[in-house]
Amino acid sequence: MEHYNVEQKIQEFIAYIEAKNPNEPEFLQAVKEVAITVIPFIATRKQYDGMKLLERMAEPERTIIFRVPWVDDAGEIQVNRGFRIQMNSAIGPYKGGIRFHPTVNLSVLKFLAFEQTFKNSLTTLPMGGGKGGADFDPQGKSNMEIMRFCQAFMTELCKHIGPETDVPAGDIGVGAREIGYLFGQYKKIRNEFTGVLTGKGLAYGGSLIRPEATGYGVVYFCEQMMKTIGEDLKGKTFVVSGFGNVAWGVIKKVTELGGKVLTISGPDGYVYDKDGIDGEKIDYLLELRSSGNNRAEDFAAKFPGAVFHAGKRPWEVKCDVAIPAATQNELFLEDAKMLVENGVMCVTEAANMPSTLDAINYFLEHKVLFSPGKASNAGGVATSGLEMTQNSIRLNWSSEEVDTRLKEIMVGIHKACRDYGKEEDGYVNYVKGANIAGFVKVAEAMLAQGVV
Ligand code: 2IT
């Protein structure tokens, strides 16, 4: 009976979210994953009863949608749509990245902001959840076009953010260069030099290790997962997707710890390199990326051992560990089946929601070590939190200091996931663990602050 009630509550909640947010499949997917694991937990805590905590968490505190007009190099006027989702400020100022990509829409940013709220809570640092972006495609744009777009975007965004209100950072399509332009425009309009953005350059308040942090954190988390089955990363084979900042950090750290990375991927397909992607290949990856090129084929052309597979995902390659580090919904049920069939030990998500719900369930059913991005990629935003601290105390920490704190945070997140996600047979359900651990802190803060 008890079980039936909880199941029914989940179904009712999902139906409510679906009705309220039609045509937002990514948002629905992210909320579903949380609802399935958190509603049974809520049912065990009397003080949460009737408080509509999940309903409140699934409704952004504020959604800002704005016109971003700018002039391209040919003198033509372009119009993009800008967004900032201020999801939850119960435990700190809104915090989360800005994404510039043609696929950006309300559903995508709401899913990201929702995930960010749980992720930021898991870091233990005082950061609420937010996300923003624009449907702007940086591919093929000149440096001056990028600058003008960033300025136009910030001309509106600066009215809604601030170091104690909302602190954006980078995401897909927004790196150090874009953060610089955004920061410059904020400072010019507001006449304030503050830590309003993270991921800044070292010369104007950025933190050492922030560029590496997401990828390094993923690998630290993966190390902890492997430790639970008495394994380490030395000599293991890794299949990595993606081509950007996160994949780069992952590959650097895996290589440093003695693992072998067999693949990377771009929108055009994946590269398999039997010799492993290390050394100068990692530098070349960075070089290609900073020239605005994310074509895996161009990477493969440079190295004799590298083979390009057009239009395919890398999950067909046999490996010990898989790390999806590209974007949402890039690992499907059929991929999960192939990975399991090929004996994968561990899947550590580096992107946000790269696996579909049925792929996740397949991993869990087969007792594969599986961690959701909101836990394993939290090192990026955690180090943004460390950048905010350094800005506040007006000091810069050494690489070692930041890296040590990052590692401690990742070990802490892993422990929290284990504490809440351990099942009777000893298997750790990291999805459940991350969702509940992330939920509890936000829920407690919301309860304490009343219905606001
Ligand atoms: O998805 C993410 O956690 C980020 N893009 C980083 C957010 C941040 O504020 O550093």
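Criteria and cut-off values
Here the residue numbers are simple positions, counted from 1 along each chain's written sequence. In view of the model being predicted, local features appear only for residues whose pLDDT reaches at least 70, and side-chain atom pairs are presented and counted only at 80 or more, with totals across whole chains, interfaces and linings using the full set of residues. Excluded from the side-chain calculations are hydrogens and water; all other atoms, namely the structure's heavy atoms, are used. Pairs of strands are assigned from DSSP output, requiring at least two bridges between the strands. Here a helix means four or more residues in a row that DSSP labels H or I, a strand means two or more in a row labelled E, and each is numbered from the N terminus. Where helices are involved, their axes are fitted lines through C-alpha atoms of the stretch in contact, as for all axes, and angles between N-to-C directions lie from 0 to 180°. Throughout, the term roughly parallel applies to angles under 35 degrees, roughly antiparallel to angles over 145, roughly perpendicular to angles from 65 to 115, and oblique to all others. By definition, residues are in contact when any of their heavy atoms lie within 4.5 Å. Proximity is defined per residue: any heavy atom of the residue falling within 4 Å of a molecule or strand makes that residue near it. Counted as a polar contact is a pair of N or O atoms within 3.5 Å, where, for protein atoms, one must be capable of donating a hydrogen and the other of accepting one, and residues adjacent in sequence contribute only when both atoms are in side chains.

Asker: Even after reading the chapter, I still don't get the pairing of strand S1 (residues 62-71), so can you show me in this structure?
Answerer: Within a regular strand, side chains alternate between the sheet's two faces. Looking at chain direction, S1 and strand S2 (residues 77-88) are connected through 10 bridges and run antiparallel. The residue of S2 that forms the bridge with Phe66 is Gly82. In textbook terms, the turn of a hairpin is the stretch between consecutive antiparallel strands, and for S1 and S2 this stretch comprises 5 residues, one of which, Gly75, has a positive phi near 85°.

Asker: How should the packing of helix H4 (residues 106-122) against helix H16 (residues 430-449) be read in this particular structure?
Answerer: Helix-helix packing: each pair is described by the crossing angle between the helix axes and the interaxial distance. Interhelical geometry of H4 versus H16 gives an angle of 85° and a closest axis separation of 8 Å. Considering their axes alone, H4 and H16 lie roughly perpendicular with respect to each other. Counting all contacts with H4, which are made through Thr117, Phe118, Ser121 and Leu122, the residues of H16 involved are Ala434, Asn435, Ala437, Gly438, Phe439, Lys441 and Val442.

Asker: Before we go on, may I ask you to explain the site of the ligand in this structure?
Answerer: Neighbouring the ligand are 13 residues, the closest being Lys95, Lys119, Lys131, Asp171 and Ser384. Lys119 is positioned such that a nitrogen or oxygen atom in its side chain is 2.7 Å from an oxygen atom of the ligand. Listing elements by their share of the shell around the ligand, those giving two or more residues are strand S3 (94-100), H4 and helix H14 (379-393). Element by element, the count of residues in the shell around the ligand is highest for S3, at 3 residues.

Asker: Is there a simple way to explain the sheet that holds strand S5 (residues 166-169) in this structure?
Answerer: For sheets, the rule is that strands pair by backbone hydrogen bonds, running either parallel or antiparallel. As summarised here, the arrangement of the 5 strands in space is S1-S2-S4-S3-S5, forming an open sheet in which the pairing is mixed. Looking at the sheet topology across the chains shown, the edges are occupied by S1 and S5. Neighbour to neighbour, the strand axes of the sheet diverge by 20° on average, direction disregarded.

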